[in-house]
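Each chain is listed here by its residues.
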Amino acid sequence: NAGVTQTPKFQVLKTGQSMTLQCAQDMNHNSMYWYRQDPGMGLRLIYYSASEGTTDKGEVPNGYNVSRLNKREFSLRLESAAPSQTSVYFCASSEWGRGSYNEQFFGPGTRLTVL
Amino acid sequence: DAKTTQPTSMDCAEGRAANLPCNHSTISGNEYVYWYRQIHSQGPQYIIHGLKNNETNEMASLIITEDRKSSTLILPHATLRDTAVYYCIVRAPGNQFYFGTGTSLTVIP
C-alpha cells in the first residue's frame, strides 16, 4: 500500500515549456487535490476533484489544467511554464462524504524549478 | 471557513509537553478544527481533529475551549522528530482545507 505517489520528484523547466505532473493513490479515495507551496508559505489549493469525472478550481488555478484520468490518477499540467510557477507541488487524496471526517493524505511532493 | 491565528514559532525542550495555541474567534457551529504538521518540506501529515469535545489519539491531544474560539494542540512528550511546522485549520464539512503559515516548532535537546 504505497498511499499517494507523485512523479517526478524533481524537475527543471525553461520558461514556456510544458509538462505534466502525475499523481496516483491506491486507497480507493474519491477525492484528489493539487496544492502548491512556495518557500516559507503554507499550501495553496490549485485544483481538486471531488469524484471521478469532476474537477473544480481552487485558490490559485491560473496557468494550470488538470485531468482526473480515473479514480486512482489525477494529473496537473503546466501548458507554458513561468518562473512564478517555481514551487513544490503536493498531491493529496481523501475519502469524500464520510460524514465530516475528511483526512487528507499527501504525497511526497514534486520540486519544480522554472528558469 | 473561519481564519486561524497561530504564533510564528515556538521552542520546546525534549521530553516536555509542547502546547501549540490557535485562535479561531470567527468559527461557525459546523466547523471542525484540524491539525496537520509538515516535517522537512515533506507532505503534510494529519494529526487530529475535533468539533467541541477534547480529543486524544496516539499522537496528540486537542483541547478546544468551551466557546470554541481557540484550541491547543498538546504533544505530551516532545521528541526531536516532532520538530515541524504545525498547521491549525478550521473547516466546514465538504469545504476545502486552507493552510496558513502555521507554527514552526523546534524541539531542543
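A quick note: this is a predicted structure, and the numbers were derived from the prediction, not measured. (Residues numbered from 1 in each chain as written. Chains lettered and ligands numbered in written order. Predicted model: local features only at pLDDT ≥ 70, side-chain atom pairs only at ≥ 80, totals over all residues. Heavy atoms only, no water.)

> I'm lost on the sheet that holds strand S8 (residues 84-91) of chain B in this one. Help?
For sheets, the rule is that strands pair by backbone hydrogen bonds, running either parallel or antiparallel. All names here are of chain B. Pairing in this open sheet of five strands is mixed, and the strands run S1-S9-S8-S3-S4 from one edge to the other. The sheet is open, and its two edges are formed by strand S1 (9-13) and strand S4 (45-50), each paired on a single side. Strand-to-strand twist of the sheet, defined as the mean angle between neighbouring strand axes without regard to direction, takes the value 25°. Judged from the seven bridges that link them, strand S3 (residues 32-38) and S8 form a sheet pairing that is antiparallel. (Pairing = 2+ DSSP bridges. Helix = DSSP H or I, 4+ residues; strand = E, 2+ residues; numbered from the N terminus. Axes fitted to C-alpha atoms, helices over the stretch in contact; angles between N-to-C directions.)

> For this particular structure, what's the right way to read the pattern of salt bridges?
Pairing of side chains with opposite charge becomes possible as their charged atoms draw close. Residues and elements named next belong to chain B. In total, this model carries four salt bridges over all chains according to the counting rule given. For Asp-82, the salt bridge is made with Arg-37, and the minimal N-O distance between the two is 2.8 Å. One end of the pair, Asp-82, is in the loop between strand S7 (70-75) and S8; the other, Arg-37, is in strand S3, with 45 residues separating them in the sequence. Judged by relative accessible area, Asp-82 falls into the buried class, the value being 13%. Exposure remark for Arg-37: the relative accessible area of 10% places this residue in the buried category. (Salt bridge = Lys/Arg side-chain N within 4 Å of Asp/Glu carboxyl O. Buried < 20%, exposed > 50% of the residue type's maximum accessible area, 1.4 Å probe, protein only.)

> Which parts of the structure should I look at to understand the state of the cysteines?
Structurally, a disulfide amounts to a covalent bond that connects the sulfur atoms of two cysteines. The full count for this structure, using the stated rule, is two disulfides over all chains. Note that Cys-23 of chain A is cross-linked by a disulfide to Cys-91 of chain A, the S-S spacing being 1.8 Å. The disulfide joining Cys-23 of chain A to Cys-91 of chain A has a torsion of about -75° about its S-S bond and is therefore left-handed. Taken as a pair, Cys-23 of chain A in strand S3 (residues 19-25) and Cys-91 of chain A in strand S9 (residues 87-94) lie far apart in primary sequence, 68 residues in all. Given the relative accessible area of 3%, Cys-23 of chain A is considered buried. The disulfide that involves Cys-22 of chain B links it to Cys-88 of chain B, with 2.1 Å between the sulfurs. On the S-S bond that ties Cys-22 of chain B to Cys-88 of chain B, the torsion sits near -80°, and the link is left-handed. Linking Cys-22 of chain B in strand S2 (residues 18-23) with Cys-88 of chain B in strand S8, this pair joins segments that are 66 residues apart in sequence. Side by side, Cys-22 of chain B and Cys-88 of chain B carry an identical accessibility label, which is buried. No disulfide involves Cys-12 of chain B; its nearest neighbouring cysteine sulfur is the one of Cys-22 of chain B, lying 18 Å away. (Disulfide = S-S within 2.5 Å.)

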